[in-house]
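A look at the structure
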Number of protein chains: 2
Amino acid sequence: MADELLDRIIEGEFPPGSTVPGEHELSARHEVSRMTVREAMKTLQAQRILSVERGRGTFVNPLSSWASLEAVLRAAAEGKNDADASIQLIELRRMLETGACELAAGRIAEEDIEALFNYVAAMKAAHSINDVAAFVEADLAFHDVILRASGNVFVSVLFEPLHRVLEKRRAETSAVPAIQEHAIGHHQNIAEALESRDAARARQAMDEHMQQTLDDLKQLVLETK
Amino acid sequence: MADELLDRIIEGEFPPGSTVPGEHELSARHEVSRMTVREAMKTLQAQRILSVERGRGTFVNPLSSWASLEAVLRAAAEGKNDADASIQLIELRRMLETGACELAAGRIAEEDIEALFNYVAAMKAAHSINDVAAFVEADLAFHDVILRASGNVFVSVLFEPLHRVLEKRRAETSAVPAIQEHAIGHHQNIAEALESRDAARARQAMDEHMQQTLDDLKQLVLETK
DNA sequence: AAATGCAAGATGTCAGACATCTTACAGTTA
DNA sequence: TAACTGTAAGATGTCTGACATCTTGCATTT
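Every residue gets a number counted from 1 within its own chain, in the order that chain's sequence is written. The lettering of chains begins at A and the numbering of ligands begins at 1, in the order of writing. Since the coordinates come from a predicted model, pLDDT governs what is reported: local features require at least 70, and pairs of side-chain atoms require 80 or more to be given and counted, while whole-chain, interface and lining totals use all residues. Side-chain descriptors were evaluated using all non-hydrogen atoms of the structure, hydrogens and water having been removed beforehand.

1. What to know about the pairing of strand β1 (residues 50–53) of chain A
Residues and elements named next belong to chain A. What counts here: Strand pairing is assigned whenever DSSP identifies at least 2 bridges connecting the two strands. Segments assigned H or I by DSSP are reported as helices when at least four residues long, segments assigned E as strands when at least two residues long, and all are numbered from the N terminus.
Bridge count for β1 against strand β2 (residues 57–60) is four bridges, and the pairing is antiparallel. Its bridge partner lying in β2, Val52 is registered against Thr58. If you look at the hairpin formed by β1 and β2, you'll find three residues sitting between the two strands, and Gly55 has a positive phi there, around 85°.

Here you go:
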């Protein structure tokens, strides 16, 4: 129900600033009770997609104030090709991961450094036996260690929805052997940079990894076009 | 109602992984109808604070998967002093703003550059007549131009809740004349760097500004202790 | 012309009922 | 004894209908 209404909003039926139909009308239109409509609206309100003013109506917020990355992604992909959206997501990931890596260099614990090298070893092992699932798992775990080691809880909060959106695509890129080899080298560099506790070096190592990821994605997108 | 329940969760009455009381029980406890309880839960669900499993119950998610910056901030400030949380928020802002500034260098339009210099002029004017509100307004507008000029819609989405959380504190720091002067210089540098369309220089200029902001905040926090 | 009153329509809240799903436990059967 | 099954309890999901409260526009009154 919430998804259906969001679809109608995204398709432009109710542009930002306008009101959505009343609860009774939506109830009739979607063939559910008014209570179900209200619960769906509560979901969209919590994501700051809708604003409710008692006695007046329910209004669609401008896209810039939406708090749901998924919803914005759906809206951004509407009509255009979503290649642009994919690139922007990687750009965002780059900001957060390079920043977190820079912070982690000064805060990471010995055991976490050890864990990083273990995950690199796991990636190498998975690569050698062609186990894509294991490779992706070690890859994700590696990045997760760094995010936690940044000591900044809010980074994880902002990264979590991004993670959810990106994980589907990561399986695709990680299936290419050449990309796996690139990734292993970069992860090795990152782990070594963090071990040296040099913030600038750690940031640069992660930044190069992100650049590589972006290039890989662009190439993949270009090929499938 | 949603806030009351969130308070009880944050206070540790329902730790992550546990279930919250049933809808009937909460209805009785808070003296509202079951429907109101359900709507409040829908709000917390949309923020990924609660997960509902039909027939089993409603569970509290681990803090790392919460999607609401405000809620995490409240939880982080619980018990400890919130100085640490403030610093982490600035760290986060730093990641997003330096990243956006780097992107903007290659994409910003001529008219936006002009707008930046106009806002710097407005900050100078406000500073000379001691108009704090006007100063803050120009400051916010300046940063908003850069975020939009980054050409990345998702940056704005992630930054918006951060903006809301930080704006209260910004008024405090901006009230100090010396800090205003620092800020004017940094903004001037940023605008010039963007004008030169040199990504590395733009990033560095913004990074220095963020470092200054962080130092100002630390000093302010230390003084009030 | 201004102030007042009222009605329509919107959201907010409530109560009670039934449906559906999960789980545990007792009873049945091989 | 062990495995299977049926049933009841408790949880969330949905529905219906009603009343409360707020906003707004319009007709009425002054």
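Structure shown, so let's carry the discussion forward.
2. Here we look at the protein's contact with DNA strand D
This is how the line gets drawn: Residues are labelled near a given molecule or strand when at least one of their non-hydrogen atoms is within 4 Å of it. Under the rule applied, a polar contact is a pair of N or O atoms within 3.5 Å (in protein, one hydrogen donor and one hydrogen acceptor; residues adjacent in sequence only if both atoms are side-chain atoms). For this scheme, ten residues count as nonpolar: Ala, Val, Leu, Ile, Met, Phe, Trp, Tyr, Cys and Pro. Four count as charged, namely Asp, Glu, Lys and Arg, and the remainder, Gly too, count as polar.
In the vicinity of DNA strand D there are 19 residues, among which Thr36, Arg54 and Arg56 of chain A together with Arg34 and Arg38 of chain B approach most closely. Each atom of DNA strand D within 4 Å of the protein was assigned to sugar, phosphate or base; sugar and phosphate come to 64%. Within the backbone of Glu23 of chain B, an N or O atom sits 3.0 Å from a phosphate oxygen of DNA strand D. Contact between DNA strand D and Arg34 of chain B: a base nitrogen at 2.9 Å from a side-chain N or O atom of the residue. Broken down by secondary-structure element, the contributors of at least two residues to the surface near DNA strand D are α3 (34–46) of chain A together with α2 (23–29), α3 (34–46) and β2 (57–60) of chain B. Examining the composition of the surface near DNA strand D, we find that three residues originate from one element, α3 of chain A, more than from any other. Grouping the amino acids of the surface near DNA strand D by side-chain chemistry returns three nonpolar, eight polar and eight charged.

3. Thoughts on the pattern of salt bridges
All names here are of chain B. Filter applied, for reference: What makes a salt bridge here is a side-chain nitrogen of Lys or Arg within 4 Å of a carboxyl oxygen of Asp or Glu, nothing more. Throughout, exposure labels follow a simple rule: accessible area from a 1.4 Å probe, protein chains only, divided by the maximum for the residue type, with under 20% read as buried, over 50% as exposed, and the rest as partly exposed.
Per the counting criterion, the structure on display carries 34 salt bridges over all chains. For Arg74, the salt bridge goes to Asp3, with nearest N and O atoms at 3.3 Å. Here Arg74 is found in helix α4 (residues 69–77), whereas its partner Asp3 is found in helix α1 (residues 2–10), with 71 residues between them in sequence. Note on Arg74: relative accessible area 32%, which makes it partly exposed.

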